[in-house]
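Single-letter residue listing:
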Amino acid sequence: MLDNMHFYDFMHKQILVVIALFIVTGMGYLYIGSFYSSLVPELLWFSMVFALSFWGYRLHRVFLVNDLNMEQKEQWLGQLRYFLFSYFSVWTIMFFIYTSRSDIDLHYVAIATQLGVTVVSATILASQKKLAVFTLVTLMLPLTIYFIFVGEFYSYLLAFFTIVLSGVLLYAAHNTFNYLIKSQYQAYHDDLTKLGNRRYFIELLNDAMKSQKQDHQYIYLLLIDLDHFKTINDTLGHDIGDMLLRQAATRMLTLSKAHQNFVSRLGGDEFCILSTTYATEKECLEYASQFAEELLALIRESYHIEEHALYISASIGVSIISDSKMDASNFIKEADIAMYEAKGKGRNGIIFFNQKLAKQVEWKLEIERLLHFSLQNNEISLTYQPQYNTE
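Residues numbered from 1 in each chain as written. Predicted model: local features only at pLDDT ≥ 70, side-chain atom pairs only at ≥ 80, totals over all residues. Heavy atoms only, no water.

J.: I'd like a rundown of the overall build of the protein, residues and numbers included.
T.: Of regular secondary structure, the protein possesses twelve helices and seven strands. Compactness check: the protein gives a C-alpha radius of gyration of 31 Å against a globular reference of 21 Å for 391 residues, more than 25% above the reference. Oriented by its inertia axes, the alpha-carbon framework of the protein measures out at about 130 × 50 × 45 Å. By sequence separation, contacts in the protein at least 24 residues apart represent 72% of the contacts at least 6 residues apart. For the protein, the accessible area works out to roughly 21700 Å², and carbon and sulfur atoms hold 59% of it. With 30 positive and 39 negative side-chain charges, the protein shows a spacing of 2 Å between the two charge centroids. (Helix = DSSP H or I, 4+ residues; strand = E, 2+ residues; numbered from the N terminus. Rg over C-alpha atoms; globule rule 2.2 N^0.38 Å. Contact = heavy atoms within 4.5 Å. Areas by Shrake-Rupley, 256 points an atom, 1.4 Å probe, with all protein chains shown as cover. Lys, Arg positive; Asp, Glu negative; His and termini not counted. Charge placed at Lys NZ, Arg CZ, Asp CG, Glu CD.)

Laid out in structure tokens, this is it:
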């Protein structure tokens, strides 16, 4: 499901392009039919294309208007695949109708259109590998059979060229698919640890909040900062630091998978973990506390990197996601506040965010703000308090 994260918007943008292209091209068939036939087959066929176009437009609107979560987007993508396969395949109907007639001009029209639709399908469906292969075979097979049944030497050559063209289109679609997958991976993953990056995590968190808006369940968010990591970087070098980050990331990933959680690297030595959903806030708090304790214990275990035996701890801030009206950045901010509170209390600890903590932070920020402007406005004065020794 997460593998398609980058492709939902991509496929959504293609719908109107395909509809516009096919409606305009389909009207060409109506024009041809007015010269070569009774126009009845073309009208019936175009009615089918129009009905399918309406289906596609509805899918476009569903994605545009509704705030879909990841599961709903996956269901939407499944419906879109059925639509696109039907939309491309409907052209084969006119191919059979025109090639069954005696007028050779209609054969040329049918062949040219079928080839054009095949090329368009290979381009549009590049991100959907299995669908692209199935659609290409469905469109090119009638062409190949047609050339074989002509029974002439040149037609056998054309059948062979059709097979070659199919292979070229499949190869191009395969390369495009691989490029899209590589681009998606680079856009959503951290190169060093291979974990999801900040962009990946924000989208994951936004999706979790959409789901929460519907089912009213609870999720916890952990922000982890490795203590004194800069010291290791400065003393042992960045290569050792990178190896340490990879080992720490592997431990977090292993534990997160065991608890069905998602872990990402936000940058530097900061990591974020998002939990699965829980029915009650109490249950969510209990599991968050248990997981955070296990994670801290796992991070504190010694690391053996080359000839070095290293020890690190972590400061962990925990936020319980219960308000679906807030955005993702606010929940990360809450966990960040709790994490810095853990650092302020000596590091190597776990702090849960609460409103009291938020008010303390706001109060400190307000004091700093007032002090800043008071210095500018000369509002601070020095007062001496005499002290006497009564003895």
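J.: Describe the state of the cysteines, with residues and values.
T.: Under the criterion given, the structure shown has zero disulfides. No disulfide involves C272; its sulfur sits 14 Å from that of C284, the nearest cysteine. Given a relative accessible area of 0%, C272 falls into the buried group. Judged by relative accessible area, C284 falls into the buried class, the value being 0%. (Disulfide = S-S within 2.5 Å. Buried < 20%, exposed > 50% of the residue type's maximum accessible area, 1.4 Å probe, protein only.)

J.: I'd like to hear about helix α6 (residues 153-188), residue by residue, with values.
T.: If you check α6, its first and last C-alpha atoms are 53 Å apart, about what 36 residues at 1.5 Å a residue would give, namely 52 Å. The set of residues buried in α6 consists of S155, A159, T162, S166, L169, A173, F177, L180, Q184 and Y188. Structurally, α6 contributes buried residues whose contacts are with α1 (7-36), α4 (104-124), α5 (129-150) and α7 (198-215). (Expected span 1.5 Å × (residues − 1).)

J.: Outline the packing of helix α3 (residues 70-99) against α5, supporting the account with residue identities and numerical values.
T.: Between α3 and α5, the least distance of the axes is 10 Å, while the angle of their chain directions is 5 degrees. Between α3 and α5, the angle is such that the two are roughly parallel. Contacts from R81, L84, F85, F88, S89, T92, F95, F96 and T99 in α3 reach L131, F134, T135, T138, L139, P142, L143 and Y146 in α5. (Axes fitted to C-alpha atoms, helices over the stretch in contact; angles between N-to-C directions. Parallel < 35°, antiparallel > 145°, perpendicular 65-115°, else oblique.)

J.: Can you break down the sheet that holds strand β1 (residues 219-226) residue by residue, with the values?
T.: As summarised here, the arrangement of the five strands in space is β2-β3-β1-β6-β7, forming an open sheet in which the pairing is mixed. Where the open sheet ends on each side, the last strands, each with one partner, are β2 (262-267) and β7 (349-352). The sheet shows a mean angle of 20 degrees between the axes of neighbouring strands, direction not considered. In this structure, β1 lies alongside strand β3 (residues 270-274), joined through five bridges in antiparallel fashion. Its bridge partner being in β3, L222 is matched across the sheet by I273. (Pairing = 2+ DSSP bridges.)

J.: Describe the side chain of T193, and please don't skip the residues or the numbers.
T.: Assignment of secondary structure puts T193 in the loop between α6 and α7. T193 sits in the buried class, given a relative accessible area of 12%. Looking at T193, its side chain comes within polar contact range of the side chain of D190, at 2.6 Å. Not counting residues within four places of it along the chain, the set of residues in contact with T193 comprises L245, R246, A249 and R265. (Polar contact = N/O pair within 3.5 Å; in protein donor to acceptor, adjacent residues only side chain to side chain.)

J.: Give me the nonpolar core: which residues, what numbers.
T.: Membership of the largest hydrophobic core comes to 44 residues, with the highest contact counts inside it found for L80, Y87 and F88. The contacts of F88, once residues within four sequence positions are left out, are V18, F22, V117, V120, S121, I124, L125, T135 and L139. Residues L226, L255, V263 and I305 belong to the second largest nonpolar core, which totals 34 residues. (Core = buried A, V, L, I, M, F, W, Y, C linked by side-chain atoms within 4.5 Å.)

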